[in-house]
Amino acid sequence: MPAIEVIGLQKIYRRAFGRRGQEALRGVDLTVPEGCAFGLIGPNGAGKTTFIKSILGIVQPTAGTVRVLGGSPEDPRIRARIGYLPERLHLPGAWTALAFLRTVAQLKGLPPDPAQNKRLLERVGLAEAEGRRIGGYSKGMRQRLGLAAALLGAPSLLVLDEPTDGIDPLGRVEVRGILQEEVRRGTTLFLNSHLLAETERVCARVAILAQGRVLREGRLEELTRHRPQWIARFSPGHDEAALEAAGFRRGGTAGLYHLEAEDPAVLNAALDKARGAGALLVELKRDGQDLESVLASTLGEAA
Ligand SMILES: Nc1ncnc2c1ncn2[C@@H]1O[C@H](COP(=O)(O)OP(=O)(O)OP(=O)(O)O)[C@@H](O)[C@H]1O
């Protein structure tokens with residue numbers, strides 16, 4: 001059973017007097033396997049937050065079906081198994097973090113567990129600030145508190161909209177560690193982040209959304225390494241013609257060569273030939289793309 005299953009999701013925001021407004025989602029199909037760390041990426045206005053709100057039952061779809069954890073997002077029993085960190089977090093400034101967690105736990109129908117709430121604050125790095133009023137928190141501290149609230153009750157699905165927004169670089173490493181721990185525990189993670197390096201480090205599958213449509217979706221390795229290309233560097237003095245005869249194409253920089261080889265046997269045969277011709281290999285790496293270039297090329301192709 002997938003954690004999230006969305007078919008033909010369309011959302012049109014109506015304007016005043018029932019006038020047709022903005023079509024934020026234009027028939028999205030997306031399946032998120034249970035236990036998967038899934039990243040949603042795309043430019044501003046792509047429909048990412050609308051998608052997230054639709055799978056949480058906050059936004060009412062115009063058309064299409066949404067199933068979350070095998071049920072409807074409107075079902076309170078399903079909702080109780082979802083932890084959500086919204087993009088814009090509204091926190092009661094006069095409260096302490098502990099009072100806030102106590103109330104959120106109550107709203108989620110969880111039994112009171114002050115020790116667990118303290119442990120959660122410790123986990124997100126807020127132990128020392130637990131008794132301070134939230135109004136005096138920095139942006140990063142507020143995000144951490146939002147994350148603690150999302151983690152309350154050990155949810156089966158964590159939906160995080162820009163979780164590291166405002167969090168300093170070392171704090172992001174801590175948050176990433178928490179998310180990875182959750183995934184190891186079996187939690188499904190649905191992450192929307194503009195920090196692509198973050199998505200790349202945490203997520204196993206990624207979908208690219210633009211103008212309300214999914215342009216690409218797949219395993220991170222499939223998206224980032226779609227060409228089986230290798231970059232080899234040979235020491236100076238090699239025989240260029242022999243390397244080309246072995247299948248290597250000269251790159252832009254002296255000594256750098258490209259080789260397309262899906263099968264490791266082909267790669268090794270080419271290297272054997274090159275070495276047989278006296279070339280000395282000094283570096284070999286797979287020519288993968290990072291998520292940023294995958295996003296740029298996907299958006300470029302779609303334009
Ligand atoms: N409540 C709303 N009423 C009308 N239009 C809306 C509403 N919320 C979003 N939109 C529009 O729907 C489109 C998608 O917005 P959405 O916030 O889902 O995008 P996003 O991908 O999350 O963007 P960002 O990365 O900037 O947060 C945009 O054109 C936006 O202006």
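An account of the accompanying structure is given in this report. Here the structure is a predicted model, which means the values were calculated and not measured.

**Remarks on the site of the ligand**
Tyr 13, Gly 21, Gln 22, Ala 24, Gly 42, Asn 44, Gly 45, Ala 46, Gly 47, Lys 48, Thr 49 and Thr 50 make up every residue found near the ligand. Counting only elements with at least two residues in the shell around the ligand, the list comes to strand E2 (22-32) and helix H1 (48-55). Residue composition of the shell around the ligand, by class: 3 nonpolar, 8 polar and 1 charged.

**A short note on unusual backbone geometry**
Of note in the backbone geometry, Ala 154 takes a positive phi value of approximately 45° without being a glycine. Note on placement: Ala 154 falls in the loop between helix H5 (139-151) and strand E6 (157-161).

**Brief notes about the sheet that holds strand E7 (residues 188-192)**
Strand order across the open sheet formed by 6 strands is E5-E6-E7-E3-E8-E9, with mixed pairing between neighbours. In this open sheet, the two strands that pair with only one neighbour each are strand E5 (82-85) and strand E9 (213-219). The average undirected angle you get between the axes of adjacent strands in this sheet is 15°. H1 rests against strand E3 (37-41), E6, E7 and strand E8 (205-210) of the sheet, and its axis sits at about 150° to E6. Docked against the sheet, helix H11 (residues 291-302) engages E3, E8 and E9, running at close to 35° with respect to E8.

**As for the nonpolar core**
Taken as a class, soluble globular proteins show a tendency for nonpolar side chains to be buried jointly. Counting residues in hydrophobic clusters, the biggest one holds 61 residues, and the most contacted among them are Ile 55, Ala 148, Val 159 and Phe 190. Here this core gets 7 residues from one element, more than from any other, and that element is H5. When sequence neighbours within four positions are dropped, the list of residues in contact with Ala 148 reads Leu 101, Leu 120, Leu 121, Val 124 and Leu 126.

Conventions and cut-offs
- Residues numbered from 1 in each chain as written.
- Predicted model: local features only at pLDDT ≥ 70, side-chain atom pairs only at ≥ 80, totals over all residues.
- Near = placed C-beta within 6 Å.
- Helix = DSSP H or I, 4+ residues; strand = E, 2+ residues; numbered from the N terminus.
- Nonpolar A, V, L, I, M, F, W, Y, C, P; charged D, E, K, R; others polar.
- Pairing = 2+ DSSP bridges.
- Axes fitted to C-alpha atoms, helices over the stretch in contact; angles between N-to-C directions.
- Contact = placed C-beta atoms within 7 Å.
- Core = buried A, V, L, I, M, F, W, Y, C linked by C-beta atoms within 7 Å.
- Buried ≥ 20, exposed ≤ 12 C-beta atoms within 10 Å, placed from the backbone.

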